[in-house]
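# Working through the structure, step by step
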Amino acid sequence: MTTVNTGAPDAADEPTAQQAAATARSSRSSRAARLRRGIGMVAVIATGAGVLGLGTGVTPAAAETAPAHAGWDGSRYWFKNSQGQWRWTSHYDVYVARTGGGTKSTTTSSSGGIKQGWDGSRYWFRNSKGEWRWTTHYDIYLARTGGGSSSSSGSAGSGSSGGSVAADPDVETAVQYALAQLGKPFRTAGNGPDGYDCSGLVQQSFRRGGISLPRVANDQFAATTPVKASQLRRGDLLFWSPDGTARGIQHVAIYLGNNQYVEAARPGTSIRISGISSGYYPAFMGRP
């Protein structure tokens, strides 16, 4: 008899149920192993790139413009890690842990332009070697200099010195809190911590110094002791009134000295440092 091969498999070639199950288990095991190897490779690459192991509160700065120097830039603390890479943190204690201290140095210019005290953004002083150092923290400044007087000066108006550091540490605490909010957005009726309006920033800042103020700008003026431009000192409040009356006060800011103040100006802006100008001069001034 002649046989014809139809292409059908012989019985011996048909896999048993046990063989099929074993093959499926082997395939799943192989895929799981490949997945584990892939995850391990990603972890190795991430570690090599410096993404892992930075520590709590520290953010890689590779995608951001490198700062001009280490220290506070108005919104964050910058420092270099052990590999010379820029990193930043918003936590002062983390910054101190990474750098070993809260002050950074620079050298004086040939014209001798640096003066001890507040320059509008930081406190300057000389260390025991005569080198210039600065800090944004008033308590550190006091510890390094043994006192709170400043040699810098400015003008808030005709005949005004207006450049001294606040004598009251509670007021200085309020000033430092306000400066720490720089860059946050103006927010109508905002009380923080993500945004403020003008009187909200003032109220919350002085609350940190243990000084209670009302919520609205004209009420805040009523709660202060009026002062003249020639008497202005750091931590005093500036008030603007379109109609020139105390009842009409619509804006308030905290005076910093050197003709500058910190404010939450208006919608669409961020908390900022501004300068007193003749075109926008405060109508009233008061001392909390």
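Data block above holds the structure.
Counting restarts for each chain, with residues numbered from 1 along the sequence as it is written. Confidence filtering applies because this is a predicted model: local features only for residues at pLDDT of at least 70, side-chain atom pairs given and counted only at 80 or more, and all residues used for totals across whole chains, interfaces and linings. Hydrogens and water molecules were not included; the side-chain quantities draw on all heavy atoms of the structure.

### Focus on unusual backbone geometry
- Omega for the bond connecting Gly 192 with Pro 193 falls within 30 degrees of zero, at 0°, which places this linkage in the cis form.
- Segments assigned H or I by DSSP are reported as helices when at least four residues long, segments assigned E as strands when at least two residues long, and all are numbered from the N terminus. With respect to the helices and strands, Pro 193 occurs in the loop between helix H4 (169-180) and helix H5 (198-208).
- Despite not being glycine, Ala 189 has its phi angle at roughly 60°, a positive value.
- Of note in the backbone geometry, Asn 259 takes a positive phi value of approximately 70° without being a glycine.
- Secondary-structure assignment places Asn 259 in the loop between strand E11 (251-257) and strand E12 (260-263).
- Relative accessible area decides the class of each residue, using a 1.4 Å probe on protein chains only: under 20% of the type maximum gives buried, over 50% gives exposed, and in between gives partly exposed. Taking relative accessible area as the criterion, Asn 259 reaches 22% and is therefore assigned partly exposed.

### Some words on the packing of aromatic side chains
- Only centres within 6.5 Å qualify two rings of Phe, Tyr or Trp (six-membered ring in Trp) as a pair; their planes then separate them into stacked at under 30 degrees, edge-to-face at over 60, and tilted for everything else. Under the criterion given, the structure shown has four aromatic pairs.
- Here the aromatic rings of Phe 221 and Phe 284 are separated by 4.9 Å at their centres, their planes lie at 45°, and the arrangement is tilted. You can see Phe 221 sitting in helix H6 (residues 217-222) and its partner Phe 284 sitting in strand E14 (residues 284-287), a full 63 residues away along the chain.
- Overall, the relative accessible area of 12% leaves Phe 221 in the buried class.

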